[in-house]
Amino acid sequence: MIPTPPNSTPHHDPRGQPSAWVARFAPLVTRGGAVLDVACGGGRHARLFHGAGHPVTAVDIDPRGVADLAGQPGVTILQADLEGGTPVALGGPYAGIVVTNYLHRPLLSRLPSLLAPGGLLLYETFAQGNQRHGRPSSPGFLLRDGELLDLARETGLQVVAFEQGETALPRAAVVQRLAAVRPLAAPDLDGDPEPRPLPLA
């Protein structure tokens, strides 16, 4: 199990603590499985998973935030413009994919195909209504109502948890959060997938 770091604060923490959403569901990633941290920034989630024994690939247009991880065993740093028009080869399959505070819809639709069977997608970013609180405010960077749920349904992911609404910490924002799995068959459940454990909030 991946512990929540001490003194962590929930969601969107600019000081570099992992998102509470990611930390809560991180234990569902297969032990030792490879993890992709998309638009990794300072690498807070790459560090979380690497510290728990996962090989990680951290991708960002500006990798300076993870420069200190370069050369460490089990860490791949990929400098790439995810919005440059040419699809970036992201590797895979992955046991876990993490995206926070980032939205590029052409990439969003690709992510489920990069998951291994049983792989977990953890996504958390801003949603419509956030423009009342400041940036981001452009519709291009804000999820539409239920958009992550639609992604899961359209790509056959099994939803473990979903949240959508307004939060006050660390600042006022409107967010969507998804934890969803590329399902594993459960032969005794009449075609339904194997249920996944729900970590404590």
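The notes below deal with the structure included here. Predicted model, so just to flag it, every value in this text is computed and none were measured. (Residues numbered from 1 in each chain as written. Predicted model: local features only at pLDDT ≥ 70, side-chain atom pairs only at ≥ 80, totals over all residues. Heavy atoms only, no water.)

## Some words on the sheet that holds strand β3 (residues 75-79)
Then, in step 1: One open sheet holds the 7 strands; their spatial order is β3-β2-β1-β4-β5-β7-β6, and the pairing between them is mixed. Only two strands of the sheet have a single neighbouring strand rather than two, namely β3 and β6 (158-167). Averaged over all pairs of adjacent strands, the angle between strand axes in this sheet comes to 10 degrees, irrespective of strand direction.
Then, in step 2: Bridge count for β6 against strand β7 (residues 173-181) is 9 bridges, and the pairing is antiparallel. Paired with Gly 165 across the strands is Val 175, a residue of β7. (Pairing = 2+ DSSP bridges. Helix = DSSP H or I, 4+ residues; strand = E, 2+ residues; numbered from the N terminus. Axes fitted to C-alpha atoms, helices over the stretch in contact; angles between N-to-C directions.)

## A short note on the pairing of β7
Then, in step 1: Across the 9 residues of β7, 9 count as buried, placing the element largely inside the fold.
Then, in step 2: Residues Ala 173, Val 175, Arg 177, Ala 179 and Val 181 of β7 are buried on one face, and the alternating residues Val 174, Gln 176, Leu 178 and Ala 180, pointing to the opposite face, are buried as well.
Then, in step 3: Relative to β7, strand β5 (residues 115-126) is paired through 7 bridges, and the arrangement is antiparallel. Bridge pairing in β7 links Glu 124 to Arg 177. (Buried < 20%, exposed > 50% of the residue type's maximum accessible area, 1.4 Å probe, protein only.)

## Side note on the pattern of salt bridges
Then, in step 1: Enumeration according to the criterion identifies 7 salt bridges in this entry.
Then, in step 2: Here Glu 163 and Arg 177 are joined by a salt bridge, their closest N and O atoms 2.7 Å apart. Here the residue Glu 163 occupies a position in strand β6, and Arg 177 occupies one in strand β7, the gap between them amounting to 14 residues.
Then, in step 3: For Arg 177, a relative accessible area of 6% translates into the label buried. (Salt bridge = Lys/Arg side-chain N within 4 Å of Asp/Glu carboxyl O.)

## Overview of the environment of Val 181
Then, in step 1: You can see Val 181 is positioned in strand β7.
Then, in step 2: Note: C-alpha distance between Val 181 and Pro 117 (64 residues apart in sequence) is 8.0 Å.

## A short note on helix α4 (residues 147-155)
Then, in step 1: Listing the buried residues of α4 in full gives Glu 147, Leu 148, Leu 149, Leu 151 and Ala 152.
Then, in step 2: Elements in contact with the buried residues of α4: α3 (105-108), β5, β6 and β7.
Then, in step 3: One or two residues past the end of α4 sits Gly 156, with phi positive at roughly 75 degrees. (Contact = heavy atoms within 4.5 Å.)

## Remarks on the nonpolar core
For soluble globular proteins, nonpolar side chains are generally found buried alongside one another.
Then, in step 1: Formed by 28 residues in total, the largest nonpolar core has its most connected members in Val 38, Ile 97, Leu 111, Leu 121 and Tyr 123.
Then, in step 2: Elements that contribute at least two residues to this core include exactly β1 (35-38), β4 (94-100), α3, β5, α4 and β7.
Then, in step 3: Those residues in contact with Val 38 that lie beyond four places of it in its chain are Val 59, Leu 82, Ile 97, Val 98, Val 99, Tyr 102, Leu 107 and Leu 111.
Then, in step 4: In terms of nonpolar packing, the next biggest core, distinct from the first, is built from 24 residues, Ala 26, Val 35, Ala 46 and Ala 161 among them. (Core = buried A, V, L, I, M, F, W, Y, C linked by side-chain atoms within 4.5 Å.)

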